[in-house]
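# Coordinates in review
Letter by letter, the chains look like this.
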Amino acid sequence: MTTNTTTPPEAVIPPDDARRKLTMANPEDPNMRHISVAGGTYTILVTGEQTGGRYSLIDHARTARRGPPPHRHDFEEMFTILEGRDRVSFPW
């Protein structure tokens, strides 16, 4: 029988700060930054600079079978599908 003896690293969660300014995304803002990458247009809703490097939020309205080619990052990436469905492949 094999026993897992590894201990997961503890997450460092900063304490709450009631004085912290919240970051709001307004996708209707005409000053939003749009970039074109790999044949798609991406709208940067929240930058890492706005969140102290902890998070960024980017909108990408896709059409069928159009998106970035297979790639990888040295950071975590999360997807939220608001309408329809998608297929994502992972290399591992």
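For the structure given in this document, a descriptive report is provided here.

The rules we used
- Residues numbered from 1 in each chain as written.
- Predicted model: local features only at pLDDT ≥ 70, side-chain atom pairs only at ≥ 80, totals over all residues.
- Heavy atoms only, no water.
- Pairing = 2+ DSSP bridges.
- Helix = DSSP H or I, 4+ residues; strand = E, 2+ residues; numbered from the N terminus.
- Axes fitted to C-alpha atoms, helices over the stretch in contact; angles between N-to-C directions.
- Polar contact = N/O pair within 3.5 Å; in protein donor to acceptor, adjacent residues only side chain to side chain.
- Contact = heavy atoms within 4.5 Å.
- Buried < 20%, exposed > 50% of the residue type's maximum accessible area, 1.4 Å probe, protein only.

### Some remarks on the sheet that holds strand 1 (residues 33-37)
- Spatially, three strands are ordered 1-2-3 in an open sheet, and the strand pairing comes out antiparallel. This sheet does not close on itself; its edge strands, each paired only once, are strand 1 and strand 3 (57-59). Adjacent strand axes in the sheet meet at a mean angle of 35 degrees, parallel and antiparallel pairs treated alike.

### Brief notes about the side chain of Thr-43
- Positionally, Thr-43 belongs in strand 2 (residues 40-46).
- Among the polar contacts made by the side chain of Thr-43, one reaches the side chain of His-34 at a distance of 2.9 Å.
- Discounting chain neighbours no more than four positions away, the residues touching Thr-43 are Met-32, Arg-33, His-34, Leu-57, Ile-58 and Asp-59.

### Describing the environment of Gly-40
- Relative to the helices and strands, Gly-40 is located in strand 2.
- On the accessibility criterion, Gly-40 (9% relative accessible area) is buried.
- Between the C-alpha atom of Gly-40 and that of Pro-68, which follows or precedes it by 28 residues, the distance is 7.5 Å.
- Not counting residues within four places of it along the chain, the set of residues in contact with Gly-40 comprises Ile-35 and His-60.

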